[in-house]
Structure formats: structure tokens, C-alpha cells
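# Chains, contacts and geometry: an overview
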Amino acid sequence: MICEHMKLNEWVDEMTAMCEPDQIVWIDGSEEQKKELEQEAFSTGELIQLDQEKWPGCVYHRTALNDVARTENLTYICTRNEEDVGPINNWMSPVEGYRRAGEIFRGSMKGRTMYVIPFSMGPVGSPFSKIGVELTDSIYVVLNMLIMTRVGTEVLEQLGTDGEFTKCLHGKAERDIEKRLILHFPEYNTIWSVGSGYGGNVLLGKKCLALRIASFLAREEGWFAEHMLILGVENTEGNIDYVAAAFPSACGKTNLAMLIPPEGLKVKGYRIWTVGDDIAWMRIDSDGALWGVNPEAGFFGVVPGTNSRTNPNGFKMIQKNTIFTNVLLTSDNGVWWEDGEDDPPAEGTDWTGKPWRPGMKDADGKPVVGANPNSRFTAPATECPCLSRRWEHHHGVPISALIFGGRRARLAPLVYEAFDWQHGVYVAATMASERTAAQYGKQGEVRRDPMAMRPFCGYNMADYFRHWLDMGKHFKKQPRIFHVNWFRQDASGEFMWPGYGDNLRVIEWILERCEGTADAEQTPIGWVPKLDSLDMTGLDLGQDTMKALLSVDAEEWKRELADIEDFFKQFGARLPGELWQEYEALKERLGV
Ligand code: SAT
Ligand code: MN
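A short tour of the structure in this document, coming up. (Residues numbered from 1 in each chain as written. Chains lettered and ligands numbered in written order. Predicted model: local features only at pLDDT ≥ 70, side-chain atom pairs only at ≥ 80, totals over all residues. Heavy atoms only, no water.)

Tallying secondary structure elements over the protein gives 15 helices and 31 strands in all. The C-alpha radius of gyration computed for the protein amounts to 24 Å, which stays within 12% of the reference 25 Å derived for 592 residues, consistent with globular compactness. Dimensions along the principal axes, computed over C-alpha positions, put the protein at roughly 65 × 55 × 50 Å. The buried share of the protein, taken over its 592 residues, is 61%. Across the protein, the fraction of contacts at a sequence separation of at least 24, relative to all contacts at a separation of at least 6, is 72%. Total accessible area computed for the protein in this model is approximately 23,000 Å², and 47% of it derives from carbon and sulfur atoms. (Helix = DSSP H or I, 4+ residues; strand = E, 2+ residues; numbered from the N terminus. Rg over C-alpha atoms; globule rule 2.2 N^0.38 Å. Buried < 20%, exposed > 50% of the residue type's maximum accessible area, 1.4 Å probe, protein only. Contact = heavy atoms within 4.5 Å. Areas by Shrake-Rupley, 256 points an atom, 1.4 Å probe, with all protein chains shown as cover.)

Laid out in C-alpha cells, this is it:
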């Protein structure tokens, strides 16, 4: 493969001089090259080939024990001015970032191969796509990028001799958490990630480019780069309405994006079409409406809990051509995970590489899991049985509603609608969620996660809120904004809402609100469905549970205000006044 892009060649030379790999291999996107790389990884043990009869095209990988989730504390935005990253992001100056990571990168690829991966986020050649080039010393990363993005010769051709690209450098180095840094240099269109081999830290097209760098570009260029799934709901007349929904990592975006209508709603003939499960790039088109594309080409989803009941489409999708990371390996080279399809095998090797048997307990008497709670599948979008026919369309799909959701045991009702765009931005900006296994840190702790972008906004979140408010002025017809909470619990700690396929009942209400046909009741926090406005055919939850799910407890909401105030205050004068206005208006509606 010959690259005629001088700047790209120069940069590869420069990075080679620093990292000192033994050889350089350009990734062309061909099946043959992929097969060769797989064989090499099998021979070194980096990958294990699964039983090809049962798991055709599937491979298995284990990460280092301290490298199983994104490390937000080691993730930095490196800009000249510290104020430009705001109080939520970690900041480092570009000079210090290049120096500190450079020390770790220096000579770190000796004895290794450096792979050059030209990739496109979004269909190659679409005006909405962005090109990146990732250098990495990990075959695992190459194979994941081949699934998650469009890779190879056609991308280089699109780049031509002087096209713009994001410079993405990744090195495993020693995979030592003490020498791990995930750095973004938005002013230099550059990402440097060193010392990790896990997912979002190393597949640099994903969170690093398609969210952190893209969100920075999106503000400059007037569009949205969001942590959202996109799904289409087809009704019996064959019309498809699309919604985009933001949830923090490991809150069920993949399951929602692929849901199957529940029994009771089947008579209505709904079908769900998946456009994306994690990232949405959206812009206002010439019709004044919001249009969204999924810039990825595959799904990197949480494995535990995936089965033919929770996510039949997703479960089917991962039977073939899938990379499994950190699940349990069975003795006959199959894979197993908690809350999967089958009973546990009599024995196997757990995600840490140790022998495992069902019922094993650790020193504290807690069950030992076979699969890490954040174990992942990497599956090509084309394996998804409900993939939207428009998923590669360069214009994407028109978005009728924006949905935001957190994992809240209390407080937030099953669903409510914001009064208008500005209030919707406030609702999204103040959303909060309990921490999941997708991030290091204390699980279950509630933290503010505005627009589910807390870990992914590449600039000052106050400016991000401003961008959201400003974008609202450019629509001919603003999409409506909703908040959902599938995770509300009763007094005994049981989830009150069944979730999964039944979430369509809520989405149906949302779409009917957009059409102006569904009933709602005004509450201090927004419009909440009336007790009988969700179609509950075939699901008997009981009036009390429904009431509890839809209830708005003013006292609880009053207590929430103090935390929101503290959160807003961090941004100082940079926080848009409109959000304080909304805060005051909510206070008044709550009678404070
Ligand atoms: O590791 S990823 O960041 O890609 C997955 C997630 O946390 O959403
Ligand atoms: Mn995500």
C-alpha cells in the first residue's frame, strides 16, 4: 500500500522514530490481511480461536487484570488554556501531555510491529464523515478497528494527498496503570493513548475521536456529536419514526437499540430498526429538521445479561464473526457469561485466566464471576438482524425525539417530557446516574452525567450547554426532549419496570406526544403520562406500581435542588444564564 499523503507519511515517520517499532504494516482492510493477523495473534496467545463449528469467525481475548474499563481519571483534554476544558474534564497542557506520554512511548514498540490503520468514522466519502489514522502495536486493536470502523485502502484514497485526518497514536507499552494516559489534543486534532489495551481507551475512533474530538469540532462547525443510540420504530403503515437516546455506559443502550416489541404490542405490527447503539452525529439539514448518522460500523457491547430473552437480536448478532473480551472460556473453546443463554459449564477458565467452577466463592464469600461485568463483544453491524436499511445513508435518518436517561433507584419517573427546548436542555444537563462497571470507581454512586457525556465532552461543559441552547434556535421544528428511567426501585429494592422489550410502551407514548395524540399530566418537572396513557396490553403491573413509576415526589425533587446548584456553581460565570433561569423556574414550580 503506497501512501501519497506527505503529512501522513511524515507523521508516521516521526512516531516511528519515537516508538521504535521493528516494522511497520499498513492495514488495507482486506480479508487476507485480517486472517494473517488473526493467525499471528493465535500463535502468540494474544487471541484464542473459538470452536469454529459452534462460533464461526469468533475469537477470544483477555485483557490485563487492571485494564477492564475506561480509566476516566487517566483521561485528559490537553488545551492551551485550562478554562477551555472546564471543571469536569482533567486538564493537562499540550506541552506536558506530549512530554509525559512521550516518555512512556519512547522505545516502547521495540521488538513489536506498528500497524497503521486508516479509518473513516461514517461511510467513506460522506460529507459528514471524519477520517482518522490510528497507529498501534496491538493486533487486538487492529481487529477491533476492522469491525468498529471502515478501514483500509479506500479511506487512504478518500484522504488523497492532503485531506484532514485525526492523528491517533496508541501503544500498549507495559500496560501498567501507573504508566497509562489517554490524552486528547483537540487544537492539534491528535489523540495519544498509552499503557492500556482495553476498549474505549484504545479503539481511538470511538470515544476519543467520535465523541471527545468530534464534540469539539461539532461546536465549531454547528452540529452534535452525542453519546446516543438511534433506533427506528416502523408502524403498520410502514412509516418509520426515529429517536436518539442518551444513556451512560452500561445502562442498556445496545438492548434498547435492538428491542423486540413485547407480546401485547405485537398486534400493532411494530418493527424496530437499529441505526446505532452508542454514538450519534446529528445536524440540522436544509429542511430545518435534525438528522443523525451512526459513525461506527460495529457494536462494542456489554456481554453479561445478553441472551435470547433480553436482546434476541443482539444475541443472534454475536454468534458469528465476533471478538469476545473477558468472558469465561469453556473447556471446549466456547464462551459463557452470567445471565446468558445456558447453564454454566461444569468448569472453565474465568476472565482472569483462572480455573472456574459454578458456585465458587471468594475469600469474602461472594460468588466468583466467570465473565467480567464489563466484558464485551465486538460485532460487525452487518450481523445485526434488525439493522436499519438506512444505516449507511450519508444523510442518516430524521430524528423526531431526543431521549435522555439515567439509572436512578428513586426520584425520576419512568418518563417525562420537557416543556420546551430550553427546559429540555436543563433536564439533560442535570441528569444523573449510578456508576456502572464501565468506569473505574465506586459502583452505584450517583453522579451528574449531563447528556451522558460527562466522560466524553472534549471541552468545557458550560460551553457545551451553550452550544445545545444555541442549536435549538436553528430548527424549523424542534425535536421534543424526554427523560426516562427504566431503573426505579420499590421499597424492597426490586426494579418496578420490566424494561427491555417493554420499553417500547414508553417509546410509543413519546412518539405519540410528538404527533400530539398522547395524553399527559403537567407536573413541576414536566409532562408525565396519565395512568392510562401507556398501552399496557399484556403487561399487568398493577395500578399501585404504575402510580409509583409515574409519581413525582416534590419533597425528593426539592432535596435534589441543592446538588444541582452545587453542580452548576462549578462552572461559574461560564454557565449559560438560561440554565439558572430553568433552575429558578423549577424551584418555583416545586413551591420552594
Ligand atoms: O469502553 S467503551 O468506552 O468503548 C464502552 C463504554 O464505556 O461505553
Ligand atoms: Mn458508550
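Taken together, Arg70, Tyr198, Gly199, Gly200, Lys206, Lys207, Ser249, Phe300, Arg376 and Ala438 make up all the residues around ligand 1. At 2.9 Å from an oxygen atom of ligand 1 is found a main-chain nitrogen or oxygen belonging to Gly200. At 2.7 Å from an oxygen atom of ligand 1 is found a side-chain nitrogen or oxygen belonging to Ser249. Counting only elements with at least two residues in the shell around ligand 1, the list comes to α6 (199-202) and α7 (205-221). Of the residues that constitute the shell around ligand 1, the class distribution is 3 nonpolar, 3 polar and 4 charged. (Near = heavy atom within 4 Å. Polar contact = N/O pair within 3.5 Å; in protein donor to acceptor, adjacent residues only side chain to side chain. Nonpolar A, V, L, I, M, F, W, Y, C, P; charged D, E, K, R; others polar.)

This part covers the coordination of the manganese ion (ligand 2). By definition of the ideal shapes, four donors in a tetrahedron about a metal sit 109.5 degrees apart, and six donors in an octahedron sit 90 or 180 degrees apart. Taken together, the protein ligands of the manganese ion (ligand 2) are Lys207 (NZ), His227 (NE2) and Asp278 (OD), with distances of 1.9 to 2.2 Å. Judged by its relative accessible area of 0%, His227 is buried. (Donors = N, O, S within 2.8 Å, 3.2 Å for Na, K, Ca; no water.)

Among the 6 residues of strand β15 (residues 271-276), 5 are classified as buried, and the element is accordingly described as predominantly covered. By the bridge criterion, 5 bridges tie strand β13 (residues 228-234) to β15 in an arrangement that is antiparallel. Within β15, the residue paired with Glu234 across the bridge is Arg271. (Pairing = 2+ DSSP bridges.)

Okay, the sheet that holds strand β22 (residues 348-349) next. In space, the 4 strands of this open sheet follow the order β21-β20-β22-β23, with antiparallel pairing throughout. This sheet does not close on itself; its edge strands, each paired only once, are β21 (335-336) and β23 (355-356). Note that strand β20 (residues 328-330) and β22 share 2 bridges and pair antiparallel. Following the sheet pairing, Thr330 is matched in β22 by Gly348.

To continue, consider helix α10 (residues 421-429). Within α10, 8 of the 9 residues are buried, leaving the element largely enclosed by the surrounding structure. The set of residues buried in α10 consists of Trp421, His423, Gly424, Val425, Tyr426, Val427, Ala428 and Ala429. N-cap assignment for α10: the residue whose side-chain oxygen lies 3.3 Å from the backbone N of Gln422 is Asp420.

A separate point is the packing of aromatic side chains. This structure, assessed with the given rule, holds 28 aromatic pairs. Linked through ring pairs, Tyr426, Tyr459, Tyr464, Phe465, Phe567, Phe568, Phe571, Trp580 and Tyr583 together constitute an aromatic cluster. Cation over ring: Arg513 sits above Trp527, and NZ or CZ is 5.4 Å from the ring centre. (Phe/Tyr/Trp six-rings, centres within 6.5 Å; stacked < 30°, edge-to-face > 60°. Lys NZ or Arg CZ within 6 Å of the ring centre and 35° of its normal.)

In contact at an axis separation of 9 Å, α10 and helix α15 (residues 577-589) are set at 90 degrees when each is read in the N-to-C sense. Judged by the inter-axis angle, α10 sits roughly perpendicular to α15. Residue-level inspection shows Gln422, His423, Val425, Tyr426 and Ala429 of α10 in contact with α15, the latter providing Glu578, Leu579, Gln581, Glu582, Tyr583, Leu586 and Arg589. In terms of residue class, the contact of α10 with α15 is made up of 6 nonpolar, 3 polar and 3 charged. (Axes fitted to C-alpha atoms, helices over the stretch in contact; angles between N-to-C directions. Parallel < 35°, antiparallel > 145°, perpendicular 65-115°, else oblique.)

So, about helix α2 (residues 31-44). Given a rise of 1.5 Å per residue, 14 residues ought to cover 20 Å, and the 20 Å separating the end C-alpha atoms of α2 matches this to within 8%. Looking at the buried residues of α2, the elements they touch are β1 (23-26), β2 (48-49), β3 (59-61), β6 (113-121) and α4 (139-148). Following α2 by one or two positions, Gly45 has its phi on the positive side, about 90 degrees. (Expected span 1.5 Å × (residues − 1).)

Within the largest apolar cluster, 134 residues are counted, with the highest numbers of intra-cluster contacts made by Trp281, Leu402, Phe404, Met451, Phe465 and Trp468. At 9 residues, the largest contribution of residues to this core is made by α7. In contact with Leu402, other than residues within four places in its own chain, are Met228, Ala244, Met282, Leu290, Trp421, Trp468, Pro479, Arg480, Ile481 and Phe482. (Core = buried A, V, L, I, M, F, W, Y, C linked by side-chain atoms within 4.5 Å.)

Below, the discussion takes up the packing of helix α11 (residues 461-471) against α15. Relative to each other, α11 and α15 sit at 85 degrees, their axes nearing to 9 Å. Judged by the inter-axis angle, α11 sits roughly perpendicular to α15. Contacts between α11 and α15 involve Phe465, Arg466 and Leu469 on the former and, on the latter, Gly577, Glu578 and Leu579. Classifying every residue of the contact of α11 with α15 by side-chain character gives 3 nonpolar, 1 polar and 2 charged.

What follows deals with unusual backbone geometry. Phi angles above zero are rare outside glycine, and Ala250 is one such case at about 60 degrees. Checked against the element boundaries, Ala250 lands in the loop between β14 (240-246) and α8 (253-257). Here Asn326, not a glycine, exhibits a phi torsion of approximately 65 degrees, which is positive. In this structure, Asn326 sits in the loop between β19 (323-325) and β20.

One open sheet holds the 5 strands; their spatial order is β2-β3-β19-β24-β18, and the pairing between them is mixed. What marks the edges here is a single partner per strand, and that holds for β2 and β18 (298-302). Taken together, the 2 bridges between β2 and β3 define a ladder with antiparallel strand orientation. Paired with Ile48 across the strands is Tyr60, a residue of β3.

By themselves these figures say nothing about function.
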